[in-house]
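Per-entry structural report
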Amino acid sequence: TEAEVMPGVKAVVSVSDFPLPKKDEGFPHRPKNLIARDKVRYEGQAVAAIAATTRRQAREAAAKIIVNYQELPNVMTIDEAMAEDAPLVHENLITKGSDSKTAKPSNIAERDFYERGDIDVGFAEADIVYEHEFTTEAFHQGYIEPHACLADTGKDGRSEIWCSSQGHFMVRSATANMLGWETSRIKVVPAEIGGGFGGKTTIYLEPLAVKLSEKADRPVKMVMSRDEVFKATGPTPGTKIRVKIGAKKSGEITAGKAWLAYQSGAFPGPWGMLGGWCIFACYNIPNVQIEAYEILLNRPVNIAYRAPSAPMAAYPTETVLDQIAKEIDMDPIDLRLLNAVKEGDIQLGDFGGKYPRIGIKETLEAIKNHPNYKIPLAPNQGRGIATGYWFNIAESSSATINLSEDGRAVVMTGSPDIGGSRASMAIMAAEVIGIDVKLIQPVVGDTETVGFTDVTEGSRATYATGIAVVNAAEKIVTKLRERASIMWDCNLEDVEWVDGRAIHKDGKESPLSLPEITAQAKKTGGPLNATGSLETKGQGPAFSTQLCDLEVDPETGRVTILRYTTAQDAGTAIHPSYVEGQMQGGVVQGIGMALNEEYIYNQKGRMENPGFLDYRMPVASDLPMIETIIVEVPNPKHPYGVRGVGEVGIVPPLPAVANAIHDAVGVRLREAPMSPVKVLKALNQKNGING
């Protein structure tokens, strides 16, 4: 009440303004995460929001809000959360999949279990068995633009939202759900996105802004500060993973066993399950057992970050394989080639089907044949390789193509462009229609101008929305042939479409160009447009193999990347330079995970490095040029062979860097990030030096 009467204050909202919805099938925790209801579960969770004329007035009013807190014990690590007497993040949470009649509430949100073959027989057949435990800290996506939105709620009860997200249809449905509104009351206009990497596949501010706008009767803009981004928006899960792998002296892997625990933050997520799907996905292992856990802690809710859960899963598997290769004196690439999955092998996890045509072996061979694999190394320099997998997804997409009178085309889709997908859409449409790509204008439409489209995530945009564009373009070509048949007064079957022109089969008529047909559209049936909408199937798994050369300073533990080479199966590279950019970006972020980045909390559960000064992301001066090898093994599920490329590139760097450090100075790092302090400690232990 004191805040409401402060100068400039136009509206104040709290939990009482947001009724708890009946359900949110995609992310059931979102309504409780939006604003604290019964207790604040992590530092940074909102308890109220204020709209004022100026930022200063809003901050002064916020300082007048009095919150009476009862301080509770926290759990900040996996070990703390899984302890028998651990404080509960949610008092009534029963582990998903457990027997609810006998199970007790705990911080274990979910347990997933996968098995095939006989794990005991597999290890009995092995000549070599290694088992190790690995840990990773939480990493943030580090997008340059913070979460931001603008909402304008009118007297008619409808609201228009402008926001930077990876899926404006998701923003519409999730915001409506939190407000208890029909989705028809909300229109969302997608803004250009200043970075996402999975971190903008959910919402934080939008319902607050809409409600504030409704109360204030004017537009409301909200922008997170950088420390709010770090404290209140999802990083990756931290992990604790144990892997046991058995192999014969010939290099054949006989068994793989994994125990995975993924932090989920204050509310449940799918991260442990995804890690279980990915941990052995690169290799055809006859005997496998995987147990994955989702653990709740007093941390911000985790959200996707480029191949979510996969880098942490690759870290132990690829490191142990490197250890096996050295034990049997086998080239590490040859070991992977011997065991790599191929078309027809069974996929792990809920997919359960067989691999389609895939390019993992081609990426391994590309690295083995690259000149960088043979460059001599100096003392304290090392070379590491690793392979990574990401399954990619499909989901729903829509596209509409409109032709203008002069033969130009507008290709409208519902996929926000986070990596060059608009250009790819234009290229595919141009290929089908047979015109110069410069004559096509790609547009990302708002929620009222284009058909429903799922979030740009899972490397799905160029794949799934691309199919919708191709379908729409094929319909346009059919309509152009129909218009030409009207102009020629002949049957449709007599008209062919070749290189952007209508051709009469018998040569009785001169060819008609696209502009000649569109110029007569009013006389032949009206505007020319077509729509493609579909629920796509068949995800097209992606693989990447990477080579890292680095140098370790034995006096400081600092690691310097000397050369880095990445080979990735793109299926078909629709826009090669954009594909290279995606490959390079994933590598750089993976190197950040490996060497520098981590969330640091104190004992009270407060983050101590919520800014780019102390949360150390790699910058250009830290790295060499990332060399790329685009491998093209066409995906049979896409008309042009597209395979999503945005995510798998972030998977191999963690183990590739770890393997290169071992090759350089003979120490195995099983905790990420592998900061200078940890490298130096390992070197001192190796050399018998205390401290």
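Report on the accompanying structure. (Residues numbered from 1 in each chain as written. Predicted model: local features only at pLDDT ≥ 70, side-chain atom pairs only at ≥ 80, totals over all residues. Heavy atoms only, no water.)

**Remarks on the side chain of Thr456**
Selection criterion: Numbering goes from the N terminus for both helices and strands, where a helix is a DSSP run of H or I of at least four residues and a strand is a run of E of at least two. Here the term buried applies to any residue with accessible area under 20% of the maximum for its type, exposed to any over 50%, and partly exposed to those in between, with areas from a 1.4 Å probe on protein chains only. By the criterion applied in these results, polar contacts are pairs of N or O atoms within 3.5 Å in which, for protein atoms, one can donate a hydrogen and the other can accept it, and in which residues neighboring in sequence qualify only through two side-chain atoms.
With respect to the element layout, Thr456 can be found in the loop between β15 (440-444) and α13 (461-488). The class for Thr456 is buried, based on a relative accessible area of 5%. From its side chain, Thr456 meets the backbone oxygen of Pro416 in a polar contact 3.0 Å long.

**Notes on the nonpolar core**
The condition that has to hold: We define the nonpolar core as a collection of buried residues of types Ala, Val, Leu, Ile, Met, Phe, Trp, Tyr and Cys that are connected through side-chain atoms lying within 4.5 Å of one another. Contact criterion: two residues are considered in contact whenever any of their non-hydrogen atoms come within 4.5 Å of each other.
Counting residues in hydrophobic clusters, the biggest one holds 104 residues, and the most contacted among them are Phe280, Leu550 and Ile661. Per-element accounting of this core gives the leading share, 9 residues, to helix α9 (residues 310-327). If we skip the residues at most four places from it in the chain, Phe280 touches Val243, Ile245, Gly256, Lys257, Ala258, Ile285, Val288, Ile290, Thr317 and Leu348. Listed in part, the 40 residues of the second largest apolar core include Ile401, Ile440, Val495 and Leu528.

**A word on the pattern of salt bridges**
Heads up, the condition is: A carboxyl oxygen of Asp or Glu within 4 Å of a side-chain nitrogen of Lys or Arg is what we treat as a salt bridge.
The tally for this structure, following the rule as stated, stands at 32 salt bridges. A salt bridge links Glu2 to Lys64; the nearest nitrogen and oxygen atoms lie 3.8 Å apart. Of this pair, Glu2 sits in the segment before β1 (9-14) while Lys64 sits in the loop between α2 (55-63) and α3 (78-82), and the two are 62 residues apart along the sequence. Between Lys368 and Asp334 there is a salt bridge; the shortest N-O distance is 2.5 Å.

**Some thoughts on the packing of helix α10 (residues 332-339) against helix α11 (residues 360-368)**
Applied cut-off: Lines fitted to the C-alpha atoms define the axes, with helices restricted to the stretch that makes contact. Angles between their N-to-C directions range from 0 to 180 degrees. Put simply, angles under 35 degrees are roughly parallel, angles over 145 are roughly antiparallel, angles from 65 to 115 are roughly perpendicular, and the rest are oblique. Helix crossings fall into two classes, left-handed where the near helix is turned counterclockwise from the far one by less than a right angle and right-handed where it is turned clockwise. Ten residue types, Ala, Val, Leu, Ile, Met, Phe, Trp, Tyr, Cys and Pro, are classed as nonpolar, four, Asp, Glu, Lys and Arg, as charged, and the remainder, Gly among them, as polar.
For the pair α10 and α11, the least separation of the axes is 10 Å and the interaxial angle reads 165°. Classified by the angle between their axes, α10 and α11 sit roughly antiparallel to one another. Relative to α11, the crossing made by α10 is left-handed. On the side of α10, the interface is formed by Ile333, Asp334, Arg336 and Leu337, while α11 contributes Lys361, Leu364, Glu365, Ile367 and Lys368. Split by residue class, the contact of α10 with α11 holds 4 nonpolar, no polar and 5 charged.

**Some remarks on the sheet that holds strand β20 (residues 542-552)**
Our working definition: In this scheme, strands are said to pair when DSSP sees at least two bridges between them.
Ordered in space as β12-β20-β21-β22, the 4 strands form an open sheet in which the pairing is mixed. The open sheet has two free edges, formed respectively by β12 (381-390) and β22 (626-631), since each of these has just one partner strand. Within the sheet, the average angular offset between the axes of one strand and its neighbour, ignoring direction, is 15°. Pairing analysis gives 9 bridges linking β20 to strand β21 (residues 559-569), with the strands arranged antiparallel. Paired with Cys548 across the bridge in β21 is Tyr564.

**Overview of the sheet that holds strand β4 (residues 128-136)**
Taken in spatial order, the 6 strands of this open sheet run β3-β11-β10-β9-β4-β23, and their pairing is mixed. If you trace the sheet from one side to the other, it starts and ends with β3 (108-116) and β23 (671-672), each paired once. Relative to β23, β4 runs parallel, the two being bridged by 2 bridges. Within the sheet, the bridge partner assigned to Thr135 lies in β23 and is Glu671.

**A short note on the packing of aromatic side chains**
Our working rule: Under the pairing criterion, centres of Phe, Tyr and Trp rings, with the six-membered ring standing for Trp, must be within 6.5 Å; the plane angle then separates stacked pairs below 30 degrees from edge-to-face pairs above 60, leaving the rest tilted. As a reminder, the over-ring test applies to NZ of lysine and CZ of arginine, requiring each to be within 6 Å of the ring centre and within 35 degrees of the ring normal.
All chains considered together, the criterion is met by 13 aromatic pairs. Where Phe169 meets Phe452, the ring centres are 5.4 Å apart and the plane angle is 65°; that geometry is what we call edge-to-face. One end of the pair, Phe169, is in helix α5 (residues 168-179); the other, Phe452, is in the loop between β15 and α13, with 283 residues separating them in the sequence. Classification of Phe169 as buried rests on a relative accessible area of 2%. Each member of the aromatic cluster is reached from another via a ring pair, and the members are Phe230, Tyr599, Tyr601, Phe612 and Tyr615. Across the ring face of Trp181, the terminal group of Arg185 is positioned such that the distance to the ring centre comes to 3.6 Å. Sitting over the ring of Trp259, Arg242 keeps its end group 4.3 Å from the ring centre.

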